[in-house]
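# Structural overview
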Amino acid sequence: MIIFIHKKAVLLMFTGLIFVGISWGAYNFALHPHMHIWKNQKVVITDVATSEKMVALTFDDGPHPDYTPLILDVLKKYDAKGTFFVLGSRCEKYPDIIKRMAKEGHEVGNHSYSHRNFSKKHSVDTMFEEIHRTDDIILRLAGQKSPLIRPPGGFLSDAFIARIKNEKRTIAYWSYIQDTKDWKGKKAEAIAGHIVKNIKPGQIIILHDGADTGMETARAVNLIADRLTRAGYQLVTVSELIKSGNK
Ligand code: ZN
């Protein structure tokens, strides 16, 4: 009987390990089969190896007229800096929010002009037209030219990466384990709880200020900033995090 239970436990453990292995493999493959190469070349960054107790909060798809200012208020309260991957089209609609981001020391990264699906349907030229158009808008409003690009939906291809290298830009991806998919309508406590539980120095944490779910995200940022600063973490921009990386 004891042997039977033991065998069952071992079997269960193996099944678990295989499942985790397959899921992890599937996630990586879903991103792109060359992901590991691009990460080694530091063209795509998901985490930074650092001995400093620092992480970067990042916000996609904004600016949003209601949620982004709430998040900026929270960051200010905790003396935290964030990185906003903005859409050029939304910057044109809400220029004052971009100006405020810059004034308060945040980084403004590029998330394309229209959140067009950067899939195979569009040429690399079309994608870069969107990127350059947004670069100009960010420069005009924020006075910044961040090297950081986060393609819509995280879409990457060999041709796109070749152009990224050519233009000496960097793809700011995110720490997979910290992707809570807040945009799917999770509650603030669930988002914050997951992130705080899994926190490690050097992580790039993806959140969405521009989605309809931005109110819960703003509440989550309040919880995250409170708990992480208490735990001794500094919340810095992605570029600052990269700079703090072990050489
Ligand atoms: Zn997006």
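Our structure's up above, just so we're on the same page.
What comes next concerns the included structure.

Rules and cut-offs
Residues numbered from 1 in each chain as written. Predicted model: local features only at pLDDT ≥ 70, side-chain atom pairs only at ≥ 80, totals over all residues. Heavy atoms only, no water. Phe/Tyr/Trp six-rings, centres within 6.5 Å; stacked < 30°, edge-to-face > 60°. Helix = DSSP H or I, 4+ residues; strand = E, 2+ residues; numbered from the N terminus. Buried < 20%, exposed > 50% of the residue type's maximum accessible area, 1.4 Å probe, protein only. Lys NZ or Arg CZ within 6 Å of the ring centre and 35° of its normal. Expected span 1.5 Å × (residues − 1). Contact = heavy atoms within 4.5 Å. Pairing = 2+ DSSP bridges. Axes fitted to C-alpha atoms, helices over the stretch in contact; angles between N-to-C directions. Parallel < 35°, antiparallel > 145°, perpendicular 65-115°, else oblique. Left-handed = near helix turned anticlockwise from the far one by under 90°. Nonpolar A, V, L, I, M, F, W, Y, C, P; charged D, E, K, R; others polar. Donors = N, O, S within 2.8 Å, 3.2 Å for Na, K, Ca; no water. Arc of directions from axis to C-beta. Right-handed = clockwise from strand over helix to strand, strands pointing away.

## Remarks on the packing of aromatic side chains
This model, assessed by the stated rule, comprises three aromatic pairs. Taking the centre distance of 4.9 Å and the plane angle of 25 degrees together, the rings of Phe59 and Phe84 count as stacked. Taken together, the positions of Phe59 in strand β2 (residues 54–60) and Phe84 in strand β3 (residues 82–86) put the pair 25 residues apart, joining distant regions of the chain. Exposure class is identical for Phe59 and Phe84. Each is buried. In this structure, Arg133 is placed above the aromatic ring of Tyr113, and the distance from its NZ or CZ to the ring centre is 3.6 Å. The cationic tip of Arg163 hangs over the ring face of Phe128; the distance from NZ or CZ to the ring centre is 4.6 Å.

## Points about helix α6 (residues 124–142)
The terminal C-alpha atoms of α6, which comprises 19 residues, lie 26 Å apart, in line with the 27 Å expected from a rise of 1.5 Å per residue. All of the buried residues along α6 are Val124, Met127, Phe128, Glu130, Ile131, Thr134, Asp135, Ile137, Ile138, Leu141 and Ala142. Where the residues of α6 are buried, they touch β3, α4 (88–93), α5 (95–103), β4 (107–110), β5 (148–149) and α7 (158–166).

## A short note on the pairing of strand β7 (residues 204–208)
When you tally the buried positions in β7, you get five out of five residues, the bulk of the element. Of the two faces of β7, the one carrying Ile204, Ile206 and His208 and the one carrying Ile205 and Leu207 are both buried. Note: β2 against β7, five bridges, orientation parallel. Each bridged residue has a counterpart across the sheet, and for Thr58 the counterpart in β7 is Ile206.

## Focus: the packing of helix α3 (residues 67–77) against α5
At a minimum axis separation of 11 Å, α3 and α5 run at an interaxial angle of 15 degrees. Taken together, the axes of α3 and α5 are roughly parallel relative to one another. For the pair α3 and α5, the sense of crossing is left-handed. Residue-level inspection shows Thr68, Pro69, Leu72 and Asp73 of α3 in contact with α5, the latter providing Ile97, Arg100 and Met101. Residues that form the contact of α3 with α5 fall into these classes: four nonpolar, one polar and two charged.

## A few points about the packing of helix α8 (residues 188–197) against helix α9 (residues 214–230)
The geometry of a pair of packed helices is captured by two quantities: the angle between their axes and the separation between those axes. The contact between α8 and α9 brings their axes to 8 Å, and the two run at 35 degrees. Considering how the two elements wind past one another, α8 and α9 form a crossing that is right-handed. The residues of α9 that touch α8, namely those facing Ala188, Glu189, Ile191, Ala192, Gly193, Ile195 and Val196, are Glu216, Arg219, Ala220, Leu223, Ile224, Arg227 and Leu228. Considering only residue class, the contact of α8 with α9 consists of nine nonpolar, one polar and four charged.

## Concerning the coordination of the zinc ion
Summarising the metal site, the zinc ion is bound by the protein donors Asp61 (OD), His111 (NE2) and His115 (NE2), whose distances to it range over 2.1 Å. The sequence pattern formed by the donor residues of the zinc ion is D-x49-H-x3-H. In this pair, Asp61 is assigned in the loop between β2 and α3 and His111 in the loop between β4 and α6, connecting sequence segments 50 residues apart. Overall, the relative accessible area of 16% leaves Asp61 in the buried class. Judged by relative accessible area, which is 2%, His111 ranks as buried.

## Thoughts on α5
For α5, the set of buried residues is Ile97, Ile98 and Met101. Angular distribution of buried residues about the axis of α5 spans 100 degrees; they occupy a single face of the element. Summarising the geometry of α5, the exposed residues directed more than 90 degrees from the buried face are Asp96 and Lys103. As for α5, its buried residues are in contact with α3, β3, α4, β4 and α6. Gly105 occupies a position one or two residues after α5 and carries a positive phi of about 85 degrees.

## Side note on the pairing of β3
With five of five residues buried, β3 lies mostly within the body of the structure. One crossover worth recording links β2 to the parallel β3 by way of α3, and it is right-handed. Inspection of the sheet shows β3 paired to β4 by four bridges, in the parallel sense. When the bridges of β4 are listed, Phe85 appears paired with Gly109.

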